[in-house]
Amino acid sequence: MIMLLGMMLGGPVGADIVVVVNEKNPVTGFSHRELVDLYMGRNLHFPDGSLVYRLDQEPDSVIRKDFYRSLVNKSIGQVSAYWAKLLFTGRAMPPQVLNDNNSVLSAVRNNKNAIGYIESINLDNSVKVVARVN
């Protein structure tokens, strides 16, 4: 019943979130701490030194809410306030916001340095999973 209700409201309840990179990217995985550092602007580079092109989902999306709750145990409002401080000081830029899972998949497919998160049900063989959230 809960699963059916979740599907009627826009998606499965408790869907796994996967963090993906381009299939040609040499990275094979990220720890939870490394993901926090990437998505909170503390580290902007892959281990090989290349700049990371971080991708985010729409602020009002359930997947973004679930991702940040699982990653840093913060609400979207708290994450936005964090980024507002960093932007004000000029220390870092937030990840690029894209519309949905398909937009993130497309961007990751087309950019070797992109990293993004999607619901696992949207996963295909064109990208590489480097972490799971939830």
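Bear in mind the structure is a predicted one, so any value in this text is a computation, not a measurement. (Residues numbered from 1 in each chain as written. Predicted model: local features only at pLDDT ≥ 70, side-chain atom pairs only at ≥ 80, totals over all residues. Heavy atoms only, no water.)

With respect to the overall build of the protein
- When you go through the protein residue by residue, the secondary structure sums to five helices and five strands.
- Mapped from its N terminus to its C terminus, the protein presents α and β elements in the order α-β-α-β-α-α-β-α-β-β.
- When burial is assessed residue by residue, the protein has 40% of its 134 residues classed as buried.
- In the protein, 68% of the contacts between residues at least 6 apart in sequence involve partners at least 24 apart. (Helix = DSSP H or I, 4+ residues; strand = E, 2+ residues; numbered from the N terminus. Buried < 20%, exposed > 50% of the residue type's maximum accessible area, 1.4 Å probe, protein only. Contact = heavy atoms within 4.5 Å.)

Re the nonpolar core
- Judged by nonpolar contacts, the single largest core of 27 residues is most densely connected at Val19, Phe30, Tyr39, Phe67, Tyr68, Ile115 and Tyr117.
- At the level of secondary structure, the elements contributing two or more residues to this core comprise β1 (17–22), α2 (32–39), α3 (62–72), α4 (76–89), β4 (114–119) and β5 (127–133).
- Here this core gets five residues from one element, more than from any other, and that element is α3.
- Judged by nonpolar contacts, the second largest core, of 11 residues, contains Leu55, Val104, Ala107 and Ala114. (Core = buried A, V, L, I, M, F, W, Y, C linked by side-chain atoms within 4.5 Å.)

Comments concerning the side chain of Asn22
- Along the chain, Asn22 turns up in strand β1.
- A distance of 3.0 Å separates a polar side-chain atom of Asn22 from the backbone oxygen of Val108.
- Of the polar contacts made by the side chain of Asn22, one reaches the backbone oxygen of Arg109; its length is 2.9 Å.
- Setting aside chain neighbours within four positions, we find Asn22 in contact with Val108, Arg109, Asn110, Asn111, Lys112, Ala114 and Lys128. (Polar contact = N/O pair within 3.5 Å; in protein donor to acceptor, adjacent residues only side chain to side chain.)

Considering the confidence of the model for the protein
- Per-residue confidence for the protein averages 87 on the pLDDT scale, and 89% of its residues sit at or above 70.
- Considering only residues more than four positions removed or in separate chains, one finds that residues 1–12, a stretch of pLDDT under 50, has eight contacts. (pLDDT = per-residue confidence, 0-100.)

Some remarks on helix α5 (residues 101–109)
- Among the residues of α5, those classed as buried are Asn101, Val104, Leu105, Ala107 and Val108. On an axial view of α5, the arc spanned by its buried residues comes to 165°, and they lie on one face.
- On its buried face, α5 is in contact with β1, β2 (53–56), α3, β4 and β5.
- Put simply, Asp100 is the residue that caps the front of α5, since its side-chain oxygen is 3.2 Å from the backbone nitrogen of Asn102. (Arc of directions from axis to C-beta.)

With respect to the environment of Glu58
- Mapped onto the elements of the fold, Glu58 is located in the loop between β2 and α3.
- We classify Glu58 as partly exposed; its relative accessible area is 25%.
- Separated by 40 residues in sequence, Glu58 and Leu98 place their C-alpha atoms 6.2 Å apart.
- Beyond its immediate chain neighbours, meaning those up to four positions away, Glu58 contacts Arg64, Val97, Leu98 and Asn99.

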